[in-house]
Amino acid sequence: MPPDPGADRLVIRNVEFIGGMAEKHGWRPDSSLPEVAFAGRSNVGKSSLLNTLVRRKSFARVSRTPGRTREINFFRVNNTFVLVDLPGYGYARISKAKKAEWRPMIESYLRRTTQLRGLVLLLDIRREPSDDDRAMLDFLAELGVPTIVALTKADKLTEADARGKVAEVSRMLALEPDQVIQFSAQSGDGRVELLEAITQLVEKV
Ligand SMILES: Nc1nc2c(ncn2[C@@H]2O[C@H](COP(=O)(O)OP(=O)(O)O)[C@@H](O)[C@H]2O)c(=O)[nH]1
Ligand SMILES: [Mg+2]
């Protein structure tokens, strides 16, 4: 088969860690590149999704460095856009005070950024969106941030049930069906669709 001339723009050639924002008014990169952020509750499969998307050992290493897991981490991709890895929220096993830390951090990032083109919100395909998920969606709507939902761990459902979930979630959250993408880090299902959606956000002027 001849190579698809449009597919090259979906190839991740280069990923560079630029730094982390550790507190709500803390450092953030001084960059004019468009940004695409990723958010979701802890354990939703964000690290797995990002590692599947990016396929870089260096990326995985940074994201699991102790101390970086509660930061907002910034990665320059292909010199084209900045991937913003927001801290997982709603972690039940840490204290209430620590638990609430993510909110002002994430809100501060979302209010300060001038480059954000869109956010990918991860939801577990088998679970109802939590109050934190809904609060995040409301906040994104208030700020007018284009939102894509990735339904993670899609391999846990049959193909028919997964498709049903995509329809249900897009109805429930009033999103267009193409804004809801089923994803599996285990099978790689949804990787190309998600890259396509991200590329469209980045390329949109
Ligand atoms: N079956 C399945 N399990 C997954 C998938 N993605 C993540 N997991 C599992 O879910 C748990 C949390 O994943 P992780 O990526 O660390 O979540 P994070 O806390 O959001 O970064 C781990 O046990 C993963 O192996 C997936 O696509 N399919
Ligand atoms: Mg993680």
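Please read these numbers as outputs of a predicted model, since none were measured by experiment.

A.B. asks: Could you clarify how one ought to interpret the site of ligand 1 in this entry?
C.D. replies: Inspection of the region around ligand 1 gives 16 residues, with G45, K46, S47, S48 and A185 positioned closest. Per-element accounting of the shell around ligand 1 gives the leading share, 3 residues, to helix 1 (residues 46–54). The residue inventory of the shell around ligand 1, partitioned by class, reads 2 nonpolar, 10 polar and 4 charged.

A.B. asks: How do you make sense of the pairing of strand 4 (residues 81–85) when you look at a structure like this?
C.D. replies: Remark: a regular strand shows side chains that alternate across the two faces of the sheet. In terms of burial, strand 4 is largely enclosed, as 5 of its 5 residues are buried. Judged by which residues are buried, strand 4 turns out to be covered on both faces: F81, L83 and D85 on one side and V82 and V84 on the other are all buried. Relative to strand 4, strand 2 (residues 35–40) is paired through 4 bridges, and the arrangement is parallel. Residue V36 lies in a different strand from strand 4, and its bridge partner there is L83. In terms of strand pairing, strand 3 (residues 72–77) meets strand 4 through 5 bridges, oriented antiparallel. Of the residues in strand 4, the one forming a bridge with V77 is F81. In this structure, the hairpin formed by strand 3 and strand 4 is closed by a connection of 3 residues, where N78 is found at a positive phi of approximately 55°.

A.B. asks: Got a minute to help me understand helix 1 in this structure?
C.D. replies: Since the α-helix turns once every 3.6 residues, residues separated by three or four places project in the same direction. Among all positions of helix 1, only K46, L49, L50 and L53 are buried. Viewed end-on, helix 1 has its buried residues packed into an arc of 95°, placing them on one side of the element. Tucked into the core, helix 1 has its buried residues touching strand 2, helix 2 (57–63), strand 4, strand 5 (116–124), strand 6 (147–152) and helix 7 (191–203). Of the residues flanking the end of helix 1, it is R55, one or two places downstream, whose phi is positive at about 55°.

Procedures and definitions
Residues numbered from 1 in each chain as written. Chains lettered and ligands numbered in written order. Predicted model: local features only at pLDDT ≥ 70, side-chain atom pairs only at ≥ 80, totals over all residues. Near = placed C-beta within 6 Å. Helix = DSSP H or I, 4+ residues; strand = E, 2+ residues; numbered from the N terminus. Nonpolar A, V, L, I, M, F, W, Y, C, P; charged D, E, K, R; others polar. Buried ≥ 20, exposed ≤ 12 C-beta atoms within 10 Å, placed from the backbone. Pairing = 2+ DSSP bridges. Arc of directions from axis to C-beta. Contact = placed C-beta atoms within 7 Å.

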